[in-house]
Amino acid sequence: MKPAASPIISRLISITGLVQGVGFRPFIYKLAHHHKIYGHVANNLQGVTIHAEGTHHQITSFIADIRQQAPPAAAIDTIGIEPASVGQFIAFEILRSSDNSSGITEVSPDIAVCDDCLHDMKHQPHRLDYPFTNCTNCGPRFSIIGNLPYDREKTAMQPFEMCQQCRSEYTDMLNRRFHAQPVACNHCGPEYQLIENGNCVTGIENILRRTASLVEQGKIVAVKGIGGFHLMCDATIETAVANLRQRKLREGKPFAVMFSGLDSLSQYDDLSEAEEQWISSWQRPIVLLRTKLNLGPSVTNGFSHLGVMLPYMPIHHQLFEMLQTPAVVLTSGNLSDEPIILDNDIAISRLKTIADAFLVYNRDIINRTDDSVGLVVRNKPMLLRRSRGFAPTPIRTNLNTDNLLATGAELVNCFAVGKGKLAIMSQHIGDLKNFETNEFFEETITKFQKLFRVKPEAVAVDMHPDYLSTRYGKSLGIQVVEVQHHHAHIASCMAEHKLDEPVIGISMDGTGYGDDGNIWGGEFLVCDLKDYRRFNHFSYVPMPGGDLVTKAPWRTALSYLMAAFGHDIDLSGFSFLKNIASAEIELVREAIIKNINAPLSSSCGRLFDAVSALIGACTHAGFHAEAPMRLQDLVQEDISESYPCINEKIIDFSPMIHAIVDDIKNETPAGIIAARFHNTVVEAIVQTAVQLRRQSNLQKVVLSGGSFQNEILLDRSIEKLQAQGFEVFWHQLIPANDGGIALGQLAIAAKRLRG
Ligand SMILES: [Zn+2]
Ligand SMILES: [Zn+2]
Ligand SMILES: [Zn+2]
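Residues numbered from 1 in each chain as written. Chains lettered and ligands numbered in written order. Predicted model: local features only at pLDDT ≥ 70, side-chain atom pairs only at ≥ 80, totals over all residues. Heavy atoms only, no water.

Caption draft 1: Examining the overall build of the chain more closely. Tallying secondary structure elements over the chain gives 22 helices and 31 strands in all. Counting every position in the chain, which comprises 755 residues, the buried fraction comes to 62%. In the chain, 68 positive and 82 negative side-chain charges are present, and the distance between their average locations comes to 4 Å. (Helix = DSSP H or I, 4+ residues; strand = E, 2+ residues; numbered from the N terminus. Buried < 20%, exposed > 50% of the residue type's maximum accessible area, 1.4 Å probe, protein only. Lys, Arg positive; Asp, Glu negative; His and termini not counted. Charge placed at Lys NZ, Arg CZ, Asp CG, Glu CD.)

Caption draft 2: Main features of the coordination of the zinc ion (ligand 3). Each protein donor to the zinc ion (ligand 3) is listed here as His485 (NE2), His489 (NE2), Asp509 (OD), Asp509 (OD) and Asp738 (OD); together their distances run 2.0 to 2.8 Å. Along the chain, the residues donating to the zinc ion (ligand 3) fall in the pattern H-x3-H-x19-D-x228-D. In this pair, His489 is assigned in helix α14 (residues 485-496) and Asp738 in the loop between β31 (727-729) and α22 (741-754), connecting sequence segments 249 residues apart. Grouping residues by exposure puts His489 and Asp738 together as buried. (Donors = N, O, S within 2.8 Å, 3.2 Å for Na, K, Ca; no water.)

Caption draft 3: Expanded view of the coordination of the zinc ion (ligand 2). Only Cys163 (SG), Cys166 (SG), Cys185 (SG) and Cys188 (SG) from the protein coordinate the zinc ion (ligand 2), and they sit 2.2 to 2.4 Å from it. Its four donor atoms give the zinc ion (ligand 2) angles of 102 to 117° at the centre, a pattern that matches the tetrahedral case. Mapping the donors of the zinc ion (ligand 2) onto the primary sequence gives the spacing C-x2-C-x18-C-x2-C. Just as Cys185 is buried, Cys188 falls in that class too. (Tetrahedral: all angles 85-135°; square planar, octahedral: opposite > 155°, others 65-115°.)

Caption draft 4: View of the packing of aromatic side chains. Within this structure, the stated rule accounts for 19 aromatic pairs. Between Phe415 and Phe448, the aromatic rings sit 5.1 Å apart at their centres with planes inclined by 75°, giving edge-to-face as the arrangement. Of this pair, Phe415 sits in the loop between β18 (404-406) and β19 (416-419) while Phe448 sits in helix α12 (residues 435-451), and the two are 33 residues apart along the sequence. Look at Phe415 and you get buried, because its relative accessible area is 0%. Under the relative-accessibility criterion, Phe448 is labelled buried at 0%. Of note, Arg368 hangs over the ring of Phe440, and the distance from its end group to the ring centre comes to 4.4 Å. (Phe/Tyr/Trp six-rings, centres within 6.5 Å; stacked < 30°, edge-to-face > 60°. Lys NZ or Arg CZ within 6 Å of the ring centre and 35° of its normal.)

Caption draft 5: Representation of the packing of helix α20 (residues 670-696) against helix α21 (residues 711-723) in the model. Where α20 meets α21, the axes come as close as 9 Å, and the angle between the chain directions of the two elements is 40°. The pairing of α20 with α21 is recorded here as oblique in orientation. Handedness of the α20/α21 crossing: right-handed. Contacts between α20 and α21 involve His678, Asn679, Val681, Val682, Glu683, Ile685, Val686 and Ala689 from the former and Ile712, Leu713, Arg716, Ser717, Lys720 and Leu721 from the latter. (Axes fitted to C-alpha atoms, helices over the stretch in contact; angles between N-to-C directions. Parallel < 35°, antiparallel > 145°, perpendicular 65-115°, else oblique. Left-handed = near helix turned anticlockwise from the far one by under 90°. Contact = heavy atoms within 4.5 Å.)

Caption draft 6: Representation of the environment of Glu191 in the model. Looking at the secondary structure, you find Glu191 in the loop between α4 (164-171) and β6 (192-196). Separated by 60 residues in the primary sequence, Glu191 and Pro131 place their C-alpha atoms 7.9 Å from one another. In contact with Glu191, not counting residues within four places along its chain, are Phe132, Val360, Tyr361 and Asn362.

Caption draft 7: Structural view of the pairing of strand β23 (residues 503-513). Burial of β23 is extensive: nine of the eleven residues sit out of reach of the surface. Pairing of β23 with strand β24 (residues 519-527), which is carried by eight bridges, proceeds in the antiparallel orientation. Bridging from a neighbouring strand, Gly512 pairs with Trp520 of β24. With four bridges joining them, β23 and strand β30 (residues 700-704) adopt parallel strand pairing. If you follow Gly505 over to β30, its bridge partner there is Val702. (Pairing = 2+ DSSP bridges.)

Caption draft 8: Highlighting the domain arrangement of the chain. When cut into domains, the chain gives domain 1 (9-94), domain 2 (107-190), domain 3 (192-361) and domain 4 (541-676). Just the C-alpha atoms count here: the centres of domain 1 and domain 2 sit 24 Å apart. The junction of domain 1 with domain 2 conceals about 1000 Å² of combined surface from both sides, 69% of it contributed by carbon and sulfur atoms. Remark: the boundary between domain 1 and domain 2 carries zero salt bridges. Counting across the domain 1 and domain 2 interface gives zero residue pairs in polar contact (both at pLDDT 80 or more). Here the element with the most residues in the side of domain 1 that touches domain 2 is helix α1 (residues 24-34); it accounts for four residues. Class assignment of the residues belonging to the side of domain 1 that touches domain 2 gives a composition of eight nonpolar, three polar and two charged. (Domains from an automatic or database assignment. Buried area = accessible area lost by both parts, 1.4 Å probe. Salt bridge = Lys/Arg side-chain N within 4 Å of Asp/Glu carboxyl O. Polar contact = N/O pair within 3.5 Å; in protein donor to acceptor, adjacent residues only side chain to side chain. Nonpolar A, V, L, I, M, F, W, Y, C, P; charged D, E, K, R; others polar.)

Caption draft 9: Representation of the sheet that holds strand β22 (residues 479-483) in the model. With respect to topology, six strands assemble into an open sheet ordered β17-β20-β19-β18-β21-β22, the strand pairing being mixed. Edge positions in the open sheet fall to β17 (395-396) and β22, since each of these has one partner strand only. Summarising the sheet, β18 and strand β21 (residues 458-462) pair through three bridges and their orientation is parallel. For Ala406, the partnering residue across the bridge sits in β21 and is Ala460. Where α22 meets the sheet, it contacts β17, β18, β19, β20 (422-425), β21 and β22, and its direction lies at approximately 140° from that of β18.

Caption draft 10: The arrangement of helix α3 (residues 115-123) in detail. Listed as buried for α3 are Cys117, Asp120 and Met121. Across the axial projection of α3, the buried residues extend over an arc of 105°, all falling on one side. The outward face of α3, more than 90 degrees from its buried face, is lined by the exposed residues Asp115 and His123. (Arc of directions from axis to C-beta.)

Caption draft 11: Fine view of the environment of Ser612. Its place among the elements puts Ser612 in helix α17 (residues 604-614). Apart from the residues lying within four places of it in its own chain, the contact partners of Ser612 are Ala617, Cys618, Ala627, Arg630 and Leu631.

Caption draft 12: Seen up close, the pattern of salt bridges. This model, assessed by the stated rule, comprises 29 salt bridges. Between Arg350 and Glu338 there is a salt bridge, with the nearest N and O atoms lying 2.8 Å from each other. Within this pair, whereas Arg350 is found in helix α11 (residues 344-350), its partner Glu338 is found in the loop between β13 (327-332) and α11, the two being separated by twelve residues in sequence. Taken together, the shared-partner salt bridges connect Asp116, Asp120, Arg176 and Arg177 into one network.

Caption draft 13: Representation of the nonpolar core within the structure. In this structure, Ile506 and Leu703 are the most contacted members of the largest nonpolar core, which totals 76 residues. Ranked by the residues each element gives to this core, the list is headed by α20, at 13 residues. (Core = buried A, V, L, I, M, F, W, Y, C linked by side-chain atoms within 4.5 Å.)

Caption draft 14: Quick peek at the pairing of strand β12 (residues 305-309). Most of β12 is tucked away, with five of its five residues classed as buried. Judged by which residues are buried, β12 turns out to be covered on both faces: His305, Gly307 and Met309 on one side and Leu306 and Val308 on the other are all buried. Where strand β10 (residues 256-259) lies against β12, three bridges are found, and the strand directions are parallel. Note on β12: the bridge partner recorded for Met258 is Met309. Inspection of the sheet shows strand β11 (residues 286-290) paired to β12 by four bridges, in the antiparallel sense. Within β12, the position partnered with Arg290 by the bridge is His305.

What follows is the structure in structure tokens.
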């Protein structure tokens, strides 16, 4: 007897997540052919639907492969499967998009050029050396999108009419460029130009050769990137880097460096597997590596961490093919705190005192995105700046965030909008006190409302009455939800981990407005997504000069000394004050005693500032958080002991300050003092968590706030808390600093307003 043929079954498969603009439908089309599935695939408002017919076995393996082989930039959220009636399909087709103009489709972030495209640039006649080669798996996305649905005429590609060849690829369902909106070639796409002293070099080969030669001569070239301009020079030529540092008036921040590839980087440094994976991921973030590299003092400026990235645009790869050097400095093309420059003419006029030449192209950048920055902690990535490659990928929550806006903090701003249960965080915006950045903030909020079809019904803002983000939110004339800064930090980490329950929240932070009017920042909360109770905190210490102390850590050190030893402490023996005029010191002492512009602060960041100044690591900070970074850098890692501190109603570090002063007198090496100090803060965190557990019975500890960017503090806190049996949550893809708080504000507003 012949075995019966397997019956044909029919299934409706609904896929949600980031599945549009990332080559998903061509992928499904090819997979269906492979498994001999009949039916069709179409985009819709929620994602992609597939009508699939085949044997039970064919359908099962088809669905398994959807998950396993999805394109790199796709992020499948859910796959729903329903039975359907068997139809009359004779093939598998991609259906045209229905009109989805009122719905949301997710916007893909920009994707680093893929290996297939790099291969095409060597082999396809119409794409030989073409520096804008891309496909459905790679290329610009968010940076060129003006509106949805994601079609070419709504992107910066609109002025470029496809040639015959590109059009045939674009319309061929089996082609890797099927519906790749930025598809282009040498005949029809955007072009580069090199502008040097008013002269213009054209032709990609001439441009590459001239640019490489300038870089090798130690010149500085402004290069238009995916989301804004970069300034580039050879990282191995010390005079070039020093020159860049001087021309950019860039205080002391280490420069980011791009290596030609993983091979050349590995020759300089040992990367962990997790670091290797992250640095070569399609998002291509800058990854901070604790480096053995010696690229010349002006690159790192004394820091042991170096921000490293790999090429992500075709032009980066092409330049490295011409260059002898394994690495170039690639820093953002802007002046001090301004946003990175997008526009060719503005770049040429504003960066003329910095750059010797300008490598530009004739396609507009619609959405500015800085390079993202992160590091690896406990084998997991941790983002410090979430921008190119990550924004505007939504964060999935279990909360109704629909039509809510959260305006974020002020110094490191990112905002967020809610759509359904999604939280869509903006790219890195920056310091709103800068006029241009504030404009960028307001115009990006408007863009996001249009792009994602959000109409804010309520706005969540920081409690700080003077934050420009708060003022903006309050000016909108809609319902306002005020959120305490550190509650927002903890809620952002909770939302990242989909926690919606009471937790122990530990926020180690720089500055945030407290509900008692003081400046908070070393905070222990019991909280959920609605409310918080402040259980304990670092003791209050006056900050003479207010915000000024962040630039002058010696002032905070003086304040801690006076708190520990009394107001009339003899300061003559302290070497960290030796370069500061005694009249100025006495003025600050006076301000503390008489409480003149000396607000109280429980900040963890300021405690780090104080100790950093006290041991002479950093008395005057040239850039944000320099003092804590210098202190962390000194830590001698094998030191496990700590200093005493009082941990009762509040956490008082006076005994530690006494012990540090003794250590300084005894000429204990700074690395040992720095290590003992870090361990003391970790001890305070763990002890307080244990006390909190006793009172609340809570087991889950959530860590957030800018000080947890400190790898040693974070790593040791996690280890010790876990050893005490806590379940510990920390940030991975949302920054622990103020760039993450908009997510927390959004979550709290959703919970308070909608339960
Ligand atoms: Zn590609
Ligand atoms: Zn073409
Ligand atoms: Zn903060």
